[in-house]
Amino acid sequence: MTVTQSYLNKVMHERKSVRKYDETYKIPQEQLEELLVEATSAPSSSNLQPWRFLVIQDEATKKELRAIANNQEQVETSSAIIAVLGDTKMYENAEAVYTKNFDLGYINEAAKDLMINNSINLYSQLPQEVLKNIVTFDAGLISMQIMLLAKDMGYDTVPMGGFNKEAFAQRFELADHIVPVILIAIGKAAAPAYNSSRIELAHIAKFI
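This structure is a prediction, so every number in the text was calculated from the model and none was measured.

A short note on the layout of surface pockets
So, step 1. The calculated volume of the largest pocket comes to roughly 290 Å³.
So, step 2. Taken together, Met 12, His 13, Arg 15, Lys 16, Ser 17, Arg 19, Met 144, Leu 148, Tyr 194, Ser 196 and Arg 198 make up the lining of the largest pocket.
So, step 3. A class-by-class count of the residues in the lining of the largest pocket yields four nonpolar, three polar and four charged.

See below:
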């Protein structure tokens with residue numbers, strides 16, 4: 001099977017950024033939970049899984065958020081907003097992550113101890129700005145999975161980086177080590193998305 005014939009390729013090309021949503025349609029929370037569980041198969045730096053989620057379904061809260069997100073209509077009209085956040089203290093979960101891998105038989109005890117020690121020693125010494133870059137990168141990986149899985153479930157999405165992150169952190173009382181990265185609107189489309197072109201490969205790739 002070639003790439004152009006694959007089901008994944010079909011979903012990738014059907015996914016569009018939708019900004020008009022059916023305000024009356026509400027995605028069941030169980031489906032949103034299932035979506036996030038499946039999305040966490042995404043890779044992350046040292047498998048520390050720094051992503052955190054704030055799923056906003058309450059209508060009054062979405063209306064507040066719209067003001068923080070440059071008055072983007074889809075913030076209020078979509079079924080939910082998935083705020084993808086990054087935890088710059090993700091290394092504190094190293095023991096739990098690698099102990100579970102050991103318990104499941106994925107790694108031996110020596111590898112478990114090595115990975116725990118290496119992760120804590122490395123990441124705990126990094127400057128905050130570097131940690132922010134790492135968790136932002138990882139949040140991007142899982143965000144794409146969220147959007148593709150949502151399309152596969154019959155829902156549409158649009159990612160939004162254009163929001164006041166300081167105001168968001170203040171409104172939702174985020175701890176200093178939790179970084180707002182991206183907002184993803186999800187729901188049932190009320191109007192089709194615009195198609196968009198892509199730059200030709202010759203202008204963006206070089207094979208050496």
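Some words on the packing of helix H2 (residues 29-39) against helix H7 (residues 128-152)
So, step 1. Their axes nearest at 9 Å, the elements H2 and H7 cross at an angle of 130°. The angle between H2 and H7 falls in the class oblique. The two elements H2 and H7 meet at a crossing, and its hand is right-handed. Residues Leu 35, Leu 36, Glu 38 and Ala 39 of H2 form the contact with H7, whose own contacting residues are Ile 142, Gln 145, Ile 146, Leu 149 and Ala 150.
So, step 2. Considered class by class, the residues forming the contact of H2 with H7 number seven nonpolar, one polar and one charged.

Digging into the pattern of salt bridges
So, step 1. With the rule as written, the count across this model stands at nine salt bridges.
So, step 2. Of the charged contacts in the structure, one is a salt bridge between Glu 73 and Lys 20, with a shortest N-O distance of 3.0 Å. Of this pair, Glu 73 sits in helix H4 (residues 73-77) while Lys 20 sits in the loop between helix H1 (7-14) and H2, and the two are 53 residues apart along the sequence.
So, step 3. The salt bridge partner of Lys 62 is Glu 59, with a shortest N-O separation of 3.4 Å. Of this pair, Lys 62 and Glu 59 both sit in helix H3 (residues 59-68), separated by three residues, roughly a single helical turn.
So, step 4. Of the residues examined, Lys 62 reaches a relative accessible area of 0% and is grouped as buried.
So, step 5. Its relative accessible area of 37% is what places Glu 59 among the partly exposed residues.
So, step 6. Linked by salt bridges that have partners in common, Lys 26, Glu 59 and Lys 62 make up one network.

Rules of the game
- Residues numbered from 1 in each chain as written.
- Predicted model: local features only at pLDDT ≥ 70, side-chain atom pairs only at ≥ 80, totals over all residues.
- Heavy atoms only, no water.
- 1 Å grid on protein atoms, 1.4 Å probe; cavity = no way out; pocket = protein on both sides within 12 Å on 5 of 7 lines; lining within 4 Å.
- Points joined across faces, edges and corners; volume = space filled by probe spheres on them.
- Nonpolar A, V, L, I, M, F, W, Y, C, P; charged D, E, K, R; others polar.
- Axes fitted to C-alpha atoms, helices over the stretch in contact; angles between N-to-C directions.
- Helix = DSSP H or I, 4+ residues; strand = E, 2+ residues; numbered from the N terminus.
- Parallel < 35°, antiparallel > 145°, perpendicular 65-115°, else oblique.
- Left-handed = near helix turned anticlockwise from the far one by under 90°.
- Contact = heavy atoms within 4.5 Å.
- Salt bridge = Lys/Arg side-chain N within 4 Å of Asp/Glu carboxyl O.
- Buried < 20%, exposed > 50% of the residue type's maximum accessible area, 1.4 Å probe, protein only.

Just geometry here; none of it tells us what the structure is for.
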